[in-house]
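# Remarks on the overall topology
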Amino acid sequence: MRFDVLTLFPGMFAGPLNESILKRAIQAGTINVVLHDIRAYATDRHRTTDDAPYGGGAGMVMKPEPLAACIRAVLSMAPETREPSQPPVILMTPDGEPFTQRIAAELATCARLVLVCGRYEGVDERVREALIDREISIGDYVLTGGELAAMVVIDAVARLVPGVIDAESIADESFSDGLLEYPQYTRPAVWEGRAVPPVLVSGHHGEVAQWRRRERLRRTLERRPDLLARAALTEADRAYLRTLGWNDPTVGEGAEHSAATKS
């Protein structure tokens, strides 16, 4: 998979791309991250890429000409994959759609992504209208630029690309199926008086699996109960959650349906 990143500050990516899993994936050729300096597409001798906003106000706005030229140049590059259509051009911006694990999984099916890193007060709206396919935000806060957001997207998407990490490692992790991950433990068995749950050293795989499932349910109910509305829950899951005080919305619906059927 290839990530094309359009940025005014390509040097910011040196650290994250040269450490840990991303570094190994790049070295193995499983993913490829290509950085494009937007300043290289400015036409004046000062390589100007921003200007004051029309209508006044604080800050500067990224000029349309250099950014558009950079996007078009990247799109015209010969693809390394056999993907028939052009890759999606994604702008990292605070007012984009919230980035989720579902979106990460969706993007991981693409052979190539073009990530545009905004700066200053943002990019000229005409570029957004003409050349941007999708806008993504990594949270309800404002960063100094889209570079850190692009790094988050690259990391979250790359780890879902086959061959980057062990598939088993992402099977039951947080948000994979709408639930948070279960607690993790390793050696020693007792640390500062705190022991590992006995079931995890019992050797009984069925009981371990049940414990982990219930811990995922419990943790999600405690920390992110909003996720339960979208999670894939079995009847056993629902019954267990009700013992923890969860107000199962389907219980009321069932009663109403039964009453309507009798009438």
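Structural data are supplied above this passage.
Overview of the structure. As the structure is a prediction and not an experimental result, all values here were calculated from the model.

What counts and what doesn't
Residues numbered from 1 in each chain as written. Predicted model: local features only at pLDDT ≥ 70, side-chain atom pairs only at ≥ 80, totals over all residues. Heavy atoms only, no water. Helix = DSSP H or I, 4+ residues; strand = E, 2+ residues; numbered from the N terminus. Buried < 20%, exposed > 50% of the residue type's maximum accessible area, 1.4 Å probe, protein only. Contact = heavy atoms within 4.5 Å. Areas by Shrake-Rupley, 256 points an atom, 1.4 Å probe, with all protein chains shown as cover. Lys, Arg positive; Asp, Glu negative; His and termini not counted. Charge placed at Lys NZ, Arg CZ, Asp CG, Glu CD. Pairing = 2+ DSSP bridges. Axes fitted to C-alpha atoms, helices over the stretch in contact; angles between N-to-C directions. Phe/Tyr/Trp six-rings, centres within 6.5 Å; stacked < 30°, edge-to-face > 60°. Lys NZ or Arg CZ within 6 Å of the ring centre and 35° of its normal. Core = buried A, V, L, I, M, F, W, Y, C linked by side-chain atoms within 4.5 Å.

Secondary structure assignment for the protein chain yields nine helices and nine strands. Buried positions account for 39% of the 263 residues belonging to the protein chain. Summarising the internal contacts of the protein chain: among those between residues at least 6 apart in sequence, 74% fall at separations of at least 24. For the protein chain, the exposed surface amounts to about 15,400 Å²; the carbon and sulfur share of it is 52%. Placing the 30 positive and 37 negative side-chain charges of the protein chain at their respective mean positions leaves the two points 4 Å apart.

Before going further, it helps to examine unusual backbone geometry. The omega torsion across R187 and P188 is 5°, close enough to zero to call that bond cis. As for its position among the elements, P188 is in the loop between α6 (147-158) and β8 (190-191). Unusually for a residue other than glycine, S20 sits at a positive phi of about 55°. In this fold, S20 is placed in helix α2 (residues 20-28). Residue R47 is not a glycine yet carries a positive backbone phi of 55°. By secondary structure assignment, the location of R47 is in the loop between β2 (32-37) and β3 (50-51). In this structure R47 comes out as partly exposed when scored by relative accessible area, which is 39%.

Read from one edge of the open sheet, five strands run β2-β1-β6-β5-β7, paired in parallel fashion. The open sheet terminates on both sides in strands that have one partner only, identified here as β2 and β7 (134-137). For this sheet, the mean inter-axis angle between neighbouring strands, taken without regard to orientation, is 35°. By the bridge criterion, six bridges tie strand β1 (residues 2-7) to β2 in an arrangement that is parallel. Looking at β2, one finds that T7 is bridged to D37. Along the sheet, helix α3 (residues 64-76) makes contact with β1, β2, β5 (89-98) and β6 (112-117), crossing β6 at roughly 170°.

Our focus in this paragraph is the packing of aromatic side chains. Within this structure, the stated rule accounts for zero aromatic pairs. In this structure, R39 is placed above the aromatic ring of F9, and the distance from its NZ or CZ to the ring centre is 5.4 Å.

Here we come to the nonpolar core. In terms of nonpolar packing, the biggest core is built from 33 residues, with F3, F99, L107, L113 and V157 touching the most fellow members. Contributing elements (two or more residues each) for this core: β1, α2, β5, α4 (101-107), β6 and α6. Sort the elements by how many residues they give to this core and α6 lands first, with eight residues. Core analysis: the second largest hydrophobic core is formed by 18 residues, M62, L91, V127 and L131 among them.

Here we take up the pairing of β6. Successive side chains on a regular strand alternate, one facing one side of the sheet and the next facing the other. Taking burial as the measure, the six residues of β6 include six buried ones, the bulk of the element. Neither face of β6 is open: one carries R112, V114 and V116, the other L113, L115 and C117, and all of them are buried. Two strands pair when backbone bridges link them, and β1 and β6 are joined in this way by five bridges, in the parallel orientation. Looking at β6, one finds that F3 is bridged to L113. With four bridges joining them, β5 and β6 adopt parallel strand pairing. Its bridge partner being in β6, L91 is matched across the sheet by V116.

Any functional reading would require information that these geometric values do not contain.
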